[in-house]
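One-letter residues, chain by chain:
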Amino acid sequence: MVKICCIGAGYVGGPTMAVIALKCPSVEVAVVDISVPRINAWNSDQLPIYEPGLDDVVKQCRGKNLFFSTDVEKHVREADIVFVSVNTPTKTRGLGAGKAADLTYWESAARMIADVSVSDKIVVEKSTVPVKTAEAIEKILTHNSKGIKFQILSNPEFLAEGTAIEDLFMPDRVLIGGRETPEGFAAVKALKDVYAQWVPEERILTTNLWSAELSKLAANAFLAQRISSVNAMSALCEATGANVSEVSYAVGKDSRIGPKFLNSSVGFGGSCFQKDILNLVYICECNGLPEVAEYWKQVIKINDYQKTRFVNRIVSSMFNTVSNKKIAVLGFAFKKDTGDTRETPAIDVCKGLLGDKARLSIYDPQVTEEQIQRDLTMNKFDWDHPLHLQPMSPTTVKQVSVVWDAYEAAKDAHGICILTEWDEFKKLDFEKIFKNMQKPAFVFDGRNVVDAEKLRKIGFIVYSIGKPLDQWLKDMPALA
Ligand code: UDX
Ligand code: UDX
Ligand code: ADP
């Protein structure tokens, strides 16, 4: 029986290992983490992450061939294949601060693997890391190996949150990079055999180590770039009277471009896009490629611009002040069907509104009050985009309330901003909401989820990203 151990029971490690266990009954999978509450949650009915379909997969395998444990060393020692899926945040201090990946967790995991191993192992890089990390890890492992042989593979994860289980069941591709030596090829084959139990062979791509590492950064950079491209267009659409949805549709019909990932929004969020691009920028700079670095940096700058533009639009359309006005914020997660708030555009938008002294009433079906308060009080690291850097003062915190119902959030509010595209926001009774709001009542739709025409008929002034503007908004242009 092949034994797999995954270090790091997070958004990537948890779902990925659960699906491997489900699809490979002959493989024993242990997911380990240093965080006791996280492992306890994985072993309970209340899993630590919200992901559609995940509960079901975990229930089918947990206790059979899927185990969650804090005994990191025991499971690593026993494993044939060790996945490393620990967090790799952006460095906040020292060399490369604000751009480079912080590999502290990775390095400590690698040293621990070398320390406890008593048999040969395949070590798989699962978290996104800078190109050539595998080489560094290989060095740590071989220099501390006590004669044990390690083969290092890069097997980046392409799942998106909210659709993780679907993505894992039917991946567009599985990518495995390894050393081009007989031992390297054998290790690649061993991992390929695991995936081949449910993924069609032609979708399992094998490359050298560095191509696999770089492909992950490149894929995320390309995806983020599409969003910044369409968001840049959204600003131009508002200025000219074009409709960004019509433009996206027409552009996406070109089979060379394709229709997916062209939804204009208040900005992209999530743990990967910004972090991976910053990482890419840093690698380019380190390799003497400032023009390439500048090119990718622009994707983040447009994303910041989009968030700032949204806040400016709100403030300017409400007579240039939101001071002491109640604003309902619908949605805080970085996208629908997840409770994850890492890098969510909602953080910057809320901080921007609070900077103008608004009172916020926030509702998200999956994000807790504690999480929202933590996100809004945390300081954001500056690289060269000084966006709402100040953490909130205790008095500002009092300007925020978190409620468990969209109607409650909107009661007596001057405006509503929609920051996450939760399906339930499409079905809200806006007649009822309108009656309980201050007038004029505004809706700022940062995800283009509501039927703007219908809302205008009710009496709302509606701003939809990238769509032709109401006369009201034209009369009150957003200041730069
Ligand atoms: C992303 C990649 O899609 C995935 O392959 C990789 O493994 C991890 O990073 P994730 O961050 O979970 O996944 O979600 P994704 O669906 O890519 O959305 C990222 C952000 O872009 C969200 O804030 C989303 O709302 C936004 N987005 C997405 C848009 O604004 N417009 C779109 O058309 C698509
Ligand atoms: C382009 C558009 O494709 C077409 O839809 C529009 O109507 C006119 O402009 P064209 O300029 O004739 O058409 O050729 P195209 O095939 O798009 O190539 C443009 C340039 O891009 C060429 O120099 C081509 O060599 C280059 N190219 C194209 C690349 O370098 N890499 C590619 O992957 C594709
Ligand atoms: P991702 O989105 O990449 O999965 P997460 O932050 O959700 O990232 O998960 C990473 C997990 O890795 C966290 O639960 C963290 O506690 C765990 N972790 C970090 N370092 C170690 C380590 N040395 N040993 C075990 N677990 C670790």
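All figures in this text were calculated on a predicted structure; none of them were measured in a lab.

I would appreciate a short explanation of the overall build of the protein in the present structure.
A tally of helices and strands in the protein yields 19 helices and 14 strands. Against the compact-globule benchmark of 23 Å for 480 residues, the protein has a radius of gyration of 24 Å, which places it among compact chains. If one aligns the C-alpha atoms of the protein with their principal axes, the spans along those axes are about 75 × 50 × 45 Å. In the structure as shown, the protein presents an accessible area of about 21200 Å², 54% of it carried by carbon and sulfur atoms. Averaged over its 57 positive side-chain charges, the protein has a centre that lies 2 Å from the centre of its 60 negative ones.

Is there a simple way to think about the site of ligand 1 in this case?
As a matter of local geometry, ligand 1 sits amid 20 residues, with Phe-158, Glu-161, Ser-265, Phe-334 and Arg-447 nearest to it. Between ligand 1 and Glu-161 there is a distance of 2.7 Å, counted from an oxygen atom to a backbone nitrogen or oxygen. In the environment of ligand 1, an oxygen atom lies 2.8 Å from a nitrogen or oxygen atom belonging to the backbone of Asn-263. Summarising the interface, the protein chains cover 90% of the accessible area of ligand 1, which totals 660 Å² for the free molecule. At four residues, helix H9 (residues 209–240) tops the list of elements feeding residues into the shell around ligand 1. Of the residues that constitute the shell around ligand 1, the class distribution is eleven nonpolar, four polar and five charged.

Looking at this model, I keep getting lost on the sheet that holds strand S11 (residues 400–402). Mind explaining?
For sheets, the rule is that strands pair by backbone hydrogen bonds, running either parallel or antiparallel. Across the sheet, six strands lie side by side as S11-S10-S9-S12-S13-S14; this open sheet has parallel pairing. If you trace the sheet from one side to the other, it starts and ends with S11 and strand S14 (461–464), each paired once. Within the sheet, the average angular offset between the axes of one strand and its neighbour, ignoring direction, is 15°. With four bridges joining them, strand S13 (residues 442–445) and S14 adopt parallel strand pairing. In the strand pairing of S14, Asp-445 is matched with Ser-464. Packed on one face of the sheet, helix H13 (residues 345–355) meets strand S9 (326–330), strand S10 (359–363), S11 and strand S12 (415–418) and runs near 155° to S10. Together, S10 and S11 form the strand contacts of helix H14 (residues 369–377), whose direction differs from that of S11 by roughly 155°.

In this structure, what is going on with the confidence of the model for the protein? I would like to understand it.
Any region with low pLDDT has predicted coordinates that should not be read closely. When pLDDT is averaged along the protein, the result is 93; 96% of the residues meet or exceed 70. For this predicted complex, the interface confidence score (ipTM) comes to 0.94, while the overall pTM stands at 0.94.

Whenever I open this one, the packing of helix H12 (residues 290–317) against H13 confuses me. Can you help?
In helix packing, the relevant descriptors are the interaxial angle and the interaxial distance, both defined with respect to the helix axes. As a packed pair, H12 and H13 sit with axes 9 Å apart at the nearest point and diverge in direction by 40°. Relative to H13, the crossing made by H12 is right-handed. The segment H12 lies against H13, with Lys-307, Phe-310, Val-311, Ile-314 and Val-315 engaging Pro-345, Asp-348, Val-349, Gly-352 and Leu-353. For the contact of H12 with H13, the class distribution of residues is seven nonpolar, one polar and two charged.

When you look at the side chain of Lys-99 in this model, what are you seeing that I'm missing?
Structurally, the position occupied by Lys-99 is in the loop between strand S4 (81–84) and helix H5 (104–116). Of note is the side chain of Lys-99, whose polar atom sits 3.1 Å from the side chain of Glu-285.

Mind showing me how you'd approach the environment of Ile-49 here?
Among the structural elements, Ile-49 can be located in the loop between helix H2 (36–42) and helix H3 (54–61). Given the relative accessible area of 4%, Ile-49 is considered buried. Taking the C-alpha atoms as reference, Ile-49 lies 10.0 Å from Glu-161; in sequence the two are 112 residues apart.

I tried to follow the pattern of salt bridges on my own but got confused; where do I start?
Pairs can form between side chains of opposite charge once their charged atoms are near each other. For the structure on display, the rule yields 23 salt bridges. Notably, a salt bridge pairs Lys-297 with Glu-294, separated by 3.8 Å at the nearest N-O pair. A residue pair is termed a helical-turn pair when its members lie 3 or 4 positions apart in one helix, as Lys-297 and Glu-294 do in helix H12 at three residues. Judged by its relative accessible area of 37%, Glu-294 is partly exposed. In this structure, Asp-348 and Lys-307 form a salt bridge, with 2.8 Å as the shortest nitrogen-oxygen distance. Taken as a pair, Asp-348 in helix H13 and Lys-307 in helix H12 lie far apart in primary sequence, 41 residues in all. Assigned by exposure class, Asp-348 and Lys-307 land together as buried. Several salt bridges converge on common partners, so that one network encompasses Lys-99, Glu-285, Glu-294 and Lys-297.

About the thresholds
- Residues numbered from 1 in each chain as written.
- Chains lettered and ligands numbered in written order.
- Predicted model: local features only at pLDDT ≥ 70, side-chain atom pairs only at ≥ 80, totals over all residues.
- Heavy atoms only, no water.
- Helix = DSSP H or I, 4+ residues; strand = E, 2+ residues; numbered from the N terminus.
- Rg over C-alpha atoms; globule rule 2.2 N^0.38 Å.
- Areas by Shrake-Rupley, 256 points an atom, 1.4 Å probe, with all protein chains shown as cover.
- Lys, Arg positive; Asp, Glu negative; His and termini not counted.
- Charge placed at Lys NZ, Arg CZ, Asp CG, Glu CD.
- Near = heavy atom within 4 Å.
- Polar contact = N/O pair within 3.5 Å; in protein donor to acceptor, adjacent residues only side chain to side chain.
- Nonpolar A, V, L, I, M, F, W, Y, C, P; charged D, E, K, R; others polar.
- Pairing = 2+ DSSP bridges.
- Axes fitted to C-alpha atoms, helices over the stretch in contact; angles between N-to-C directions.
- Contact = heavy atoms within 4.5 Å.
- pLDDT = per-residue confidence, 0-100.
- Left-handed = near helix turned anticlockwise from the far one by under 90°.
- Buried < 20%, exposed > 50% of the residue type's maximum accessible area, 1.4 Å probe, protein only.
- Salt bridge = Lys/Arg side-chain N within 4 Å of Asp/Glu carboxyl O.

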